[in-house]
Amino acid sequence: MKKIKLVLETGEEFLGESIGYDIDNIYSLGELVFNTSMTGYQEILSDPSYCDQMVVMTYPLIGNYGVNKDDFESLTPALKGLIVRECPEEGSNWRNEYSLRELLKRFKIPGIAGLDTRELTKKIRNNGVVRAVLVPENYPLHNIQLVLSRPMGTDQIARVSTKNPIHFPGSGKRIILMDFGYKKNILRSLMVRDCDVVVVPWNASLEAIQSYRPQGVLLSNGPGNPKDIPEVLPVIRELQKLYPMFSICMGHQLFALANGADTEKLKFGHRGANHPVKDLRLGKVFMSSQNHGYSVTNQSVANSELEITQININDKTVEGLSHKTLPAFSVQYHPEACPGPEDTGWLFDEFLSGIRN
Amino acid sequence: MSLNPNLKKILVIGSGPIVIGQAAEFDYSGTQAVKSLIEEGMEVVLVNSNPATIMTDKETAHKVYIEPLTKEFLLKIIHKEKPDGLLPTLGGQTALNLAVKLEEEGHLKRLGVQLLGCRVDTIQKAEDRKLFKDLMIEIGEPVPQSCIVTTVEEALSFADKIGFPLIVRPAFTLGGTGGGIALKRDELITTTTSGISASPIGQCLIERSIAGFKEIEYEVIRDSNDNCIIVCNMENIDPVGVHTGDSIVVAPSQTLSDKEYQILRSSALKIIRSLKIEGGCNVQYAMDPHSFQYYVIEVNPRVSRSSALASKATGYPIAKIAAKIALGLTLDEILNPITKKTYACFEPALDYVVSKIPRWPFDKFVTANRRLGTQMKATGEVMALGRTMEESLLKAIRSLEVGLYHIELPSLVGKSREEMIDKILKQDDERLFAIAEAMRIGVSAQEINQLTKIDMFFLSKIDRIIAMEKRLVTLEKNPEVVRDAKRMGFSDHYLARLWKVKEAEVYDWRKKHGITPVYKMVDSCAGEFESSTPYYYSTYEREDEVLESSKKKVVVLGSGPIRIGQGIEFDYATVHAIDAIRSMGYEAIVINNNPETVSTDFNISDRLYFEPLTVEDVFNVIEREKPVGVIVQFGGQTAINLAEPLALRGVKILGTSVDDIDRSENRKRFEEVLRGLDIAQPLGCTVTSMNEAVEKSAHLGFPVIVRPSYVLGGRAMEIVYNELELLDYMKRNVQVNPEHPVLIDRYMIGREMEVDAICDGETVFIPGIMEHIEKAGVHSGDSIAVYPPQTVGQDILDKLSATTLSITSALNIKGLLNLQFVISGGQVFVIEVNPRSSRTVPFLSKVTGVQMAKIATRAILGESLIQQGFFHGTLPPKDFVAVKAPVFSFAKLSDVEIALGPEMKSTGEVMGKDKVFEKALHKAFVAAGVIIPDSGTILATISDQDKDEALSLFKRFHQIGFDFIATEGTAKLIREAGISVRTIARIGQSENDIIKEIKSGRVAMIINTISKGKNVESDGFKMRRIAVERGLLCLTSLDTTEALLKTIERNTYTMEPLS
């Protein structure tokens, strides 16, 4: 058993057992966030939105059912570290291919187990998201300070987005999926509805998109701060005039910015599978899967082209927006689930039914 | 949505007596729901027949009726109270069935009462096998292939079609009574026969057995706006095949991937929506361990044992929320009572592992069939929380209080591989221990997985425990290893045994090495939101979360799992003690591990520690909280037994001192006390060898009562009539030696009386005296108790009071004392004292209006009885009669002797109260579920020594319209008295034997006294079992028989021709 430690920028240290990629001489730096989902670790760690982040799983036993071929949300996990209370050597499930520890090693993700993850979670809750570094047990202190003093990059979306367009043929409507770091289940959700999907890079030009003659556009989820990519806002403004548009998570935030609303960083974000969202038109509440550190500010929507359609029951943050005049709407959470509840899968149907044949 | 404006007054139905399959969880949910309704401004009327509950305290609701839960009594109450709504979803199957009856017969409509929480068609769709299956097929949810049958022939033809194994599920029964798995034809015949007879509508579902699948449960809530949430899902360690009530269960599920979790979650939401339930609901699934295939097994359209468990496991109070939903509120309008910042409309996230282990009554029922199957057999359960699976499991094991502190059963140690595998295949209550033992001798987890289908995840955790045992041996007293072991939940007791030192030394060693637990909070949101729920569990982590407080604190120890001999009565007293402590300005801290009860509702106390009740776990809490002291006298024998070891560690025991507790429990010292007071006690002695036992018994004179020292609920106690039986008893039950003495007392036949007294150290107050209907020899917990006494004179009552006052004073009791007496030859003999709260405290508190546990607690904390307005002496009796009658769960436990004796057998109790004795008694019988015949045929078989007494009863029965069938000797007796009787052959002596007669349905009741002595004739046993299984009244005590006769006489007419 090899010991490594997690050091927070506040100086606190947590010693634990290395369960992932060996970090003998290197370090791993990231923004420390927590996720309260009790299942779905494979989907979480392969969600590109976690790029440059380290995730603390609040549920203490992670890795119980191993890793399978089907549940990846991207080909290459982008997170910087996985922090758990306990991770078994082997998983137990009929679909299990290999263990979570093995996955971490294969994708060069450092992982740490055995520490008090609840203490860590409460620190994040109370002090807000912090940066942290995973290092070997006796990594020199001044090096740690040096690492932690470096600014974080702002290029996460560019790093996780596809470099070239990819076409997923289908017999139905042609949908452009703008890739800010999309989860595979967004694609699957479209494809099971017979869509013909073209995934385009985050910075695809309006002309390039138009050249596919799409019938609708979906802006995907993705990592980081939406304000890091102002160049896509004019494209979004044009696209929404041309095609019915549906936006998820990062896409939702970009949609808001493109239409004059504002975003802000939340203290510790929403990451989990139990967030109650109320649809103001239906008067009903749905459980949603969430993963976001930024949010659209409520007040900013009043001066925009948008209206709030859904709010979070707990902190009243904006969960859904709709354009006042155009067929474009968005949600902050993940209707594609994976992990998490499937309560809002109907949004894909709503999007597609708004597209004329 | 908001409150329904038509609702002002709500009638809530409780679940009645505690029986296997329907226990304390309904006191918890009922109490919580009533409070919740009152919070919303409702006037609440409550009906329940069980006096031992918090729910039936008059402070709980605006009006509380302790009356039998039958349609007739409910109608009277509805007429009298005119409620606007009836809420039946919190009182288990009992309340639901009553609601269906009231609605179907049109009473609710006629009386303008709205049914809340669910609709009758919903109940029927969920409960009626055929309607349920049709609904599932309609909404596209998979159910196993099945067929509804009302005859054995139909079952067989279905088997011919689809083959075996099959499972038989009777419709509308508690805990699956009468059902089971059939692997072959003859098993199908027996199981279907018993299933059809157990079902009130004579219907069974025969379905393809999916034994071996993962068994998963979801707790769902839906409101009137169709918002739905999952509170919790749970996974049974025991795969499908063992009733969920008898399964070891963990929460949340451990082996489901998110895909599987969401498939079942979506299905559960679909089901609750299609049933249109407004409130809580439980859906049970079987999931194929090798594919996404799943089946819906069952839906309970109400709160249940599982929802109580889920509430405690997550902190989300299901019953409380369900009650508000029943009034029309929606989930997004109700605040989350834990965070008080977020709303009830969310799904709890756990950051710990919960284990539940059932507590079975096989220590009492040694002859019972211990195999676990579709019939639930457990009487109670424990729950434990930990940050690892191992910790949670090991804490749960030591919470069981079966003398185990580790996953190790001494009786299995040293057995061979074959024996262990056989034991595992038996699928009994000890399987978990057998698995661990098998692993110790090298059986692989894979092999056990093949045998049991228990998921490798769980088996590998047990394997890790075994590996840790080995590490602890190899690396002796290595602090790092010990720390790891503690993180896996290993007990100090285990380490002490390993290191061959006293447990206290392990504690000292741990302390020296800084290996001490911290306490984590249960907050329903995995730390995401700030909360201040004072609900904690121990674990070995870094950060401790206990909120500091400057108030003075008092710790109350709860009573652990419900078991025969220690039931809900002790939880009742614990809750009252908590109330009193808080009212005296202290913080009340409760330590307990029973998820079903009111005392473990985190709203009841200032702080709840969900912990095993062992010296180690309790002392850790005490060290953390530093209370002024600990109260041990309300948590039954569990808590009392902790007094001395805690005191040895320097803990202040509040109330009666440890030395005085010993003076009342230690036989020799107690004898001295009585001698000093010149109070009589049946002659008795303590023996330490076989020879001594024989010699001294002869001297005392047979019959004698024999028992091991320090027992609870009369365990292993027997009456023996001669030397032969004595020797037999000694061989079977006890290892007699100087360390384990055996007590022998002369058995005195007489009327038994029971008294509970309160003392503050000076003043002794007696709220009331109770008389037992059955003579000494039947355990007091199984006898019918009557308040005030009906058959003894004032002189005896005065003697009882005087004796009680002097014993209580002499024992320096501070708090409660329970005393049992026998009256023989006009003299009062003391047979037992218990320096603690007793089984009769709730009953006596309710009938006398003296809240004994509260008063005792205040006295313990320094407020004298005089200051509280009481006096030295006995409260005069009230002008009504109250009867407490025992309720048994014999139908659930095959191969258990139902004849009453000195060993306690009842699981619960009911109360009947009225102006005169016979009416109160009648109510008690009705409430206990006894179907009282007012005429018909009595089947009698009476032992020789009871014949005179029996005959006089038979004459009275005859006078009011009963006739007789009897076995030869008894028939002769009856015939000689000039009463016509038909002689019936004993079992097997003729084709038309006694069994056939019982099965014919011609018998109204059975009166059968067993020949004294323990050579229980197998014939009688078989007959009594068949009677129980067919729901036929079978009386084994002539005292009970006479009591019943009195109520029949009162309610019927004599049939005499003109003379």
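Sequence order as written defines residue numbering, which begins from 1 separately in each chain. For this description, chains carry letters from A and ligands carry numbers from 1, given in the order in which they are written. The model is predicted, so local features are restricted to residues of pLDDT at least 70 and side-chain atom pairs to those at 80 or more, both for listing and for counting; the totals for chains, interfaces and linings are taken over all residues.

Let's shift gears to the overall build of chain A. Under the scheme used here, helices are H or I runs from DSSP no shorter than 4 residues and strands are E runs no shorter than 2 residues, and both carry numbers assigned from the N terminus. Scanning chain A for helices and strands turns up 11 helices and 17 strands. Radius of gyration: C-alpha atoms only; globule rule: 2.2 Å multiplied by the number of residues to the exponent 0.38. The C-alpha atoms of chain A give 20 Å as radius of gyration, which agrees with the globular expectation for 357 residues (21 Å, within 12%). Taking the principal axes of the C-alpha coordinates as reference, chain A spans close to 60 × 45 × 40 Å. Each residue is classified by how many other C-beta atoms fall within 10 Å of its C-beta atom, where C-beta atoms are placed from the backbone; a count of 20 or more means buried, 12 or fewer means exposed, and values in between mean partly exposed. For chain A, the residues scored as buried account for 58% of the 357 residues in total.

What follows covers the packing of helix H24 (residues 667-677) of chain B against helix H27 (residues 794-810) of chain B. Residue and element names in this part refer to chain B. Orientation of H24 relative to H27, taken along the N-to-C sense of each, is 125 degrees, at an axis distance of 10 Å. Between H24 and H27, the angle is such that the two are oblique. You can see that H24 and H27 cross each other, and the crossing is right-handed. Contacts between H24 and H27 involve Val 673, Gly 676 and Leu 677 on the former and, on the latter, Ser 806, Ile 807 and Ala 810. Three classes are used: nonpolar for Ala, Val, Leu, Ile, Met, Phe, Trp, Tyr, Cys and Pro, charged for Asp, Glu, Lys and Arg, and polar for all others, with Gly counted as polar. For the contact of H24 with H27, the class distribution of residues is 4 nonpolar, 2 polar and no charged. Lines fitted to the C-alpha atoms define the axes, with helices restricted to the stretch that makes contact. Angles between their N-to-C directions range from 0 to 180 degrees. By the definition adopted for this analysis, an angle is roughly parallel if under 35 degrees, roughly antiparallel if over 145, roughly perpendicular if from 65 to 115, and oblique otherwise. Crossings are assigned a handedness: left-handed for a near helix turned anticlockwise from the far helix by less than a right angle, right-handed for a clockwise turn. Whether two residues are in contact is decided by their C-beta atoms, placed from the backbone, lying within 7 Å.

A separate point is the domain arrangement of chain A. Residues and elements named next belong to chain A. For chain A, the domain assignment lists domain 1 (3-149) and domain 2 (156-353). For the domains described, the bounds stem from an automatic or database domain assignment. Distance between the C-alpha centres of domain 1 and domain 2: 27 Å. If you list the elements that add at least two residues to the side of domain 1 that touches domain 2, you get strand E3 (28-35), helix H1 (41-45) and helix H3 (117-127). At 3 residues, E3 tops the list of elements feeding residues into the side of domain 1 that touches domain 2. In terms of residue class, the side of domain 1 that touches domain 2 is built from 10 nonpolar, 8 polar and 5 charged.

Listed as interface residues are 41 residues of chain A and, on the opposing side, 44 residues of chain B. Elements with a minimum of two residues in the side of chain A that touches chain B: H3, strand E13 (263-279) and strand E14 (284-296) of chain A. For the side of chain A that touches chain B, the element with the most residues is H3 of chain A, which contributes 5 residues.

Right, let's get into the sheet that holds strand E17 (residues 328-331) of chain A. Residue and element names in this part refer to chain A. The mixed open sheet is built from 10 strands, whose spatial order is E8-E10-E9-E11-E12-E17-E16-E15-E13-E14. Because the sheet does not close on itself, it has two edges, and the strands there are strand E8 (166-168) and E14. Between one strand and the next, the sheet's axes are offset by a mean angle of 25 degrees, whatever the strand orientation. Two strands qualify as a pair provided DSSP detects at least 2 bridges between them. Summarising the sheet, strand E16 (residues 318-323) and E17 pair through 3 bridges and their orientation is antiparallel.

The next point concerns the pairing of E17 of chain A. Where a strand is regular, its side chains alternate between the two sheet faces. Residues and elements named next belong to chain A. Side chains Ala 328 and Ser 330 project from E17 onto one buried face, and the interleaved Phe 329 and Val 331 project onto a second face that is buried too. Two elements, strand E12 (residues 245-248) and E17, share 4 bridges in a ladder whose sense is parallel. Within E17, the position partnered with Met 245 by the bridge is Ala 328. Between the antiparallel neighbours E16 and E17 lie 4 residues.

We now examine helix H8 (residues 233-242) of chain A. All names here are of chain A. Within the sequence span of H8, burial applies to Val 235, Ile 236, Leu 239 and Gln 240. In an axial view of H8, the angular spread of the buried residues amounts to 130 degrees, which keeps them on one side of the axis. On its buried side, H8 packs onto helix H7 (206-210), strand E11 (216-219), E12, helix H9 (250-258), E16 and E17. Here, the arc refers to the directions that run from the helix axis to the C-beta atoms.

Let's shift gears to the sheet that holds strand E21 (residues 607-610) of chain B. Residue and element names in this part refer to chain B. A sheet is described by the order of its strands in space; here 7 strands give the open sequence E17-E18-E21-E20-E19-E22-E23, paired in mixed fashion. Among the strands making up the open sheet, the edge pair consists of strand E17 (518-521) and strand E23 (653-654). As defined by bridge partners, strand E20 (residues 587-592) adjoins E21 across 4 bridges and the pair is classed as parallel. Its bridge partner lying in E21, Ile 589 is registered against Arg 607.

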